[in-house]
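An overview of the molecular structure
The chain contents come next:
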Amino acid sequence: RRPPAPPAGPAALLPFRGRCVSTKLGADELRVCPFANATQTSLAGQEFVLGVFAAWRGRSLVYADGDVCGAAPRNATVSIRCGAEAYALRDAREPATCTYEATLDVPVDCDVLGMDSVPNDIVQLRADLVKAEAAALAAVNRAGDLAERLERASCAAAAMGELDDFDDSACELDEFDDYDDPYEP
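These notes cover the structure that comes with them. Quick caveat: nothing in here was measured; it's all calculated off a predicted structure.

1. Some words on the pattern of salt bridges
It is possible for side chains bearing opposite charge to pair when their charged atoms get close. Applying the stated criterion across every chain yields a total of 4 salt bridges. With a closest N to O distance of 3.5 Å, Asp105 and Arg81 form a salt bridge. Taken as a pair, Asp105 in strand S10 (residues 99-105) and Arg81 in strand S8 (residues 75-81) lie far apart in primary sequence, 24 residues in all. The exposure class assigned to Asp105 is buried, which follows from its relative accessible area of 8%. Salt-bridge contacts for Arg90 lead to Asp105; the nearest nitrogen and oxygen are separated by 2.9 Å. Residue Arg90 is located in strand S9 (residues 88-96), and its partner Asp105 is located in strand S10; the two are separated by 15 residues in the primary sequence.

2. Observations concerning the nonpolar core
With 28 residues, the main nonpolar core has Leu61, Tyr63, Ile80, Leu89, Leu104, Val106 and Leu113 as its most contacted residues. Those elements that place two or more of their residues in this core are strand S1 (21-25), strand S2 (28-33), strand S4 (47-57), strand S5 (60-65), S8, S9, S10 and helix H1 (110-113). Apart from the residues within four sequence positions on either side, Leu113 is in contact with Pro10, Ala12, Leu13, Ile80, Cys82, Val106 and Val108.

3. So, the packing of aromatic side chains
Tallied over the entire structure, the rule returns 3 aromatic pairs. Judged by centre distance (5.2 Å) and plane angle (75 degrees), the ring pair of Phe35 and Phe53 falls under edge-to-face. With Phe35 in the loop between S2 and strand S3 (37-41) and Phe53 in strand S4, the pair connects residues that are 18 residues apart, well separated along the chain. This pair shows no difference in class: Phe35 is buried, exactly as Phe53 is. Ring plane angle 75 degrees and centroid distance 6.1 Å describe the contact between Phe53 and Tyr63, whose orientation is recorded as edge-to-face. Of this pair, Phe53 sits in strand S4 while Tyr63 sits in strand S5; the two residues are 10 residues apart in sequence, bridging distant segments of the chain. The buried category is assigned to Phe53, whose relative accessible area is 0%. Taken together through their ring pairs, the aromatic side chains of Phe35, Phe53 and Tyr63 make up a single cluster. Directly above the aromatic system of Tyr87 lies the positively charged group of Arg19, at a separation of 4.5 Å from the ring centroid.

Thresholds, definitions, all that
Residues numbered from 1 in each chain as written. Predicted model: local features only at pLDDT ≥ 70, side-chain atom pairs only at ≥ 80, totals over all residues. Heavy atoms only, no water. Salt bridge = Lys/Arg side-chain N within 4 Å of Asp/Glu carboxyl O. Helix = DSSP H or I, 4+ residues; strand = E, 2+ residues; numbered from the N terminus. Buried < 20%, exposed > 50% of the residue type's maximum accessible area, 1.4 Å probe, protein only. Core = buried A, V, L, I, M, F, W, Y, C linked by side-chain atoms within 4.5 Å. Contact = heavy atoms within 4.5 Å. Phe/Tyr/Trp six-rings, centres within 6.5 Å; stacked < 30°, edge-to-face > 60°. Lys NZ or Arg CZ within 6 Å of the ring centre and 35° of its normal.

Next comes the structure, spelled out in structure tokens:
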């Protein structure tokens, strides 16, 4: 593995060099050490290097050449949100397989970093999108669970002769004779 590139970007970020910070990425932990590396640790304790610091690009720390994932190395981009109240990592996500993104809040004024504060609105919109995507996925999963429950309950009712107008051709009626809905009190 190659060593990290020399620190680049606003000088006011240099005090954060090596000050590692973590957040959740699903059930795993994503850890970023500015100007050093980014890692992911599973619940089982397995650690993957997502990348070593490669460059400063726009408003982001870019980490590249991480552990191999399929045919390519893992990588991560960490967007800086200046003017934050506290130093924290948040909004971690994996938008593509083995490509990671997160936001690093730094308690340094945007002016000091030489950054315009307008892109913070973009960072917030991205954070809101991540939350909305998670909520949408949860809703889809819930809808799938409800559809399965409805089908099982309908098949059970058809097996007991309680539904006259139900097309039960997709039901194996014998398996529903003793159906108890696990969600019903």
